[in-house]
Amino acid sequence: MSDGLRVDRVVHAFGDRVALDGVTCEVPAGRLTGLLGPNGAGKTTLMRILLGVLPADGGEVWLDGRRLEDVHDRRSWGYMPQERGLYPAMTAGAQLVHFGRLHGLPREEATRRARELLEELELGDRWDERTDRLSGGMQQRLQLAAALAHGPEVVVLDEPFAGLDPVAVEQLSAMLRRRADDGCLVLFSSHQLDLVQDLCEDIVMVDRGRTVLAGSVSGLRAASGQRRLRLQLASAQRGWVQAFEGVEVVSDHADDLRLTVPPQVDPLRVLDAARACGPVLDFGLELPTLSELFLAAVSAAPAREVVR
Ligand SMILES: Nc1ncnc2c1ncn2[C@@H]1O[C@H](COP(=O)(O)OP(=O)(O)OP(=O)(O)O)[C@@H](O)[C@H]1O
Ligand SMILES: [Mg+2]
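These figures come from a predicted structure and were not determined experimentally.

About the cut-offs
- Residues numbered from 1 in each chain as written.
- Chains lettered and ligands numbered in written order.
- Predicted model: local features only at pLDDT ≥ 70, side-chain atom pairs only at ≥ 80, totals over all residues.
- Heavy atoms only, no water.
- Donors = N, O, S within 2.8 Å, 3.2 Å for Na, K, Ca; no water.
- Helix = DSSP H or I, 4+ residues; strand = E, 2+ residues; numbered from the N terminus.
- Buried < 20%, exposed > 50% of the residue type's maximum accessible area, 1.4 Å probe, protein only.
- Pairing = 2+ DSSP bridges.
- Axes fitted to C-alpha atoms, helices over the stretch in contact; angles between N-to-C directions.
- Contact = heavy atoms within 4.5 Å.
- Parallel < 35°, antiparallel > 145°, perpendicular 65-115°, else oblique.
- Left-handed = near helix turned anticlockwise from the far one by under 90°.
- Nonpolar A, V, L, I, M, F, W, Y, C, P; charged D, E, K, R; others polar.
- Polar contact = N/O pair within 3.5 Å; in protein donor to acceptor, adjacent residues only side chain to side chain.
- Salt bridge = Lys/Arg side-chain N within 4 Å of Asp/Glu carboxyl O.

**Q** I'd like a description of the coordination of the magnesium ion (ligand 2), backed by residues and values.
**A** All of the protein donors around the magnesium ion (ligand 2) are Thr44 (OG1) and Gln82 (OE1); their distances to the metal are 2.0 to 2.2 Å. Placement of threonine 44 in helix H1 (residues 43-51) and of glutamine 82 in the loop between strand E6 (78-80) and helix H2 (92-102) is noted, with a sequence separation of 38 residues between them. The class of glutamine 82 is partly exposed, set by a relative accessible area of 35%.

**Q** Kindly report on the sheet that holds E6, identifying the contributing residues and their values.
**A** Through backbone hydrogen bonds, the strands of a sheet pair up, either in parallel or in antiparallel fashion. On the basis of which strands lie adjacent, the open sheet formed by six strands has the order E6-E7-E8-E3-E9-E10 and mixed pairing. With one partner strand each, in any of the chains shown, E6 and strand E10 (210-216) form the two edges of the open sheet. On average, each strand axis in the sheet is inclined to that of its neighbour by 10°, with strand direction left out of account. Inspection of the sheet shows strand E3 (residues 32-36) paired to strand E8 (residues 185-189) by four bridges, in the parallel sense. Within E8, the position partnered with glycine 34 by the bridge is phenylalanine 188. Against the sheet, helix H4 (residues 136-148) touches E6 and strand E7 (154-158), its axis set at about 160° to E6.

**Q** How would you sum up the packing of H2 against helix H3 (residues 107-120)? Please name residues and give values.
**A** Running from N to C, H2 and H3 cross one another at 130°; their axes reach a closest spacing of 8 Å. On the basis of their axis angle, the class for H2 and H3 is oblique. Judged by the sense of rotation from one axis to the other, the crossing of H2 with H3 is right-handed. Where H2 abuts H3, its residues Ala92, Gly93, Leu96, Val97, Gly100 and Arg101 lie against Arg107, Ala110, Thr111, Ala114, Leu117 and Leu118. A breakdown of the residues in the contact of H2 with H3 according to their chemical character gives seven nonpolar, three polar and two charged.

**Q** How would you summarise the environment of serine 190 if you had to cite specific residues and measurements?
**A** Summarising the element assignment, serine 190 is placed in the loop between E8 and helix H6 (193-199). With a relative accessible area of 3%, serine 190 lands in the buried category. Between the C-alpha atom of serine 190 and that of proline 160, which follows or precedes it by 30 residues, the distance is 7.4 Å. Within the structure, the side chain of serine 190 is placed 2.9 Å from the backbone nitrogen of glutamine 192, a separation counted as a polar contact.

**Q** Go over the side chain of aspartate 8 with me, naming the residues and quoting the values.
**A** Following the sequence through the fold, aspartate 8 ends up in strand E1 (residues 4-14). Classification of aspartate 8 by relative accessible area gives buried; the value is 15%. One polar contact links aspartate 8 to arginine 9, side chain to side chain, over a distance of 3.1 Å. Once residues lying within four places of it in the same chain are set aside, the contact partners of aspartate 8 are Val23, Thr24, Gly59 and Glu60.

**Q** I'd like to hear about the pattern of salt bridges, residue by residue, with values.
**A** A side chain of one charge can pair with a side chain of the opposite charge when the charged atoms of the two come close. Tallied over the full model, the rule gives 22 salt bridges. The closest approach of N and O atoms between arginine 9 and aspartate 8, which form a salt bridge, is 3.1 Å. What makes arginine 9 exposed here is its relative accessible area of 56%. In this structure, arginine 112 engages glutamate 116 in a salt bridge whose closest nitrogen and oxygen atoms are separated by 3.0 Å. Taken as a pair, arginine 112 and glutamate 116 lie in helix H3 at a separation of four residues, close to a single helical turn. A relative accessible area of 46% places glutamate 116 in the partly exposed class. The network of salt bridges with shared partners includes Arg230, Asp256, Arg258, Asp282 and Glu286.

Rendered as structure tokens:
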């Protein structure tokens, strides 16, 4: 089983355009890691460098304490590129057997795994269907199956959820979860932040070629210091809020009051103050969503010219 990937100050420029400007991060095995960032942030470039299909101009990639040199060091990895690469005229089944055999599986094992994967993706009845006669979402699922055809321990997927319906999203999520629980290292990029928040243990967020946020989803949400207290109050009196320095009203509609509570203020003291003025019908402490963290991290990064 793998310990994890370490990406150390990876740099890449396409001509004058700097796509990666010293990305550093760690991707542990046995967990799901989401790679996030706005369009053009450098996610695909980073994944291609991780895979060794694109050389880095600087920096290093390590796996299990060993520095990776060339594409042969990643031969056993599973990769789903953002631009899809299936053979349109080949049948779904033949395609998966082909990818399994490319990675050195004997024909019988490649065939068995291909059947299992198509079943897992609910494409079992499409074994003999030409790839170009599958719907877009089905082709997407087949592409994922192609990345997993040889049972890789390291799986890198570039936007595997794009274009999938909610049922397929659930299926794919469960599949990736099973791989991570089995000890695989799974890194995928996505723009669906709600999904990443629910699914991933860890995230790496890049913006303009740099890591702007990385760590566990729960830790980052808790550490942001942007807690909100939601109160449903019988009383319309709000004067007590002023007593807390740094506590600000986000919204105040009818009996529903939302406040930001900075780290130095104990939210239970705020709740006590509210209770002293009348009954509290409902309350809750909310952490910022991953979307909010994303927007804050991306807009907080200093505006930089990325052209050298
Ligand atoms: N082959 C290429 N030649 C020149 N520039 C490129 C090439 N590939 C990517 N870039 C540039 O590198 C930067 C990062 O692109 P990249 O594809 O890595 O972004 P991304 O984070 O994957 O974006 P998206 O969310 O849109 O997929 C962009 O400015 C892009 O224009
Ligand atoms: Mg991309």
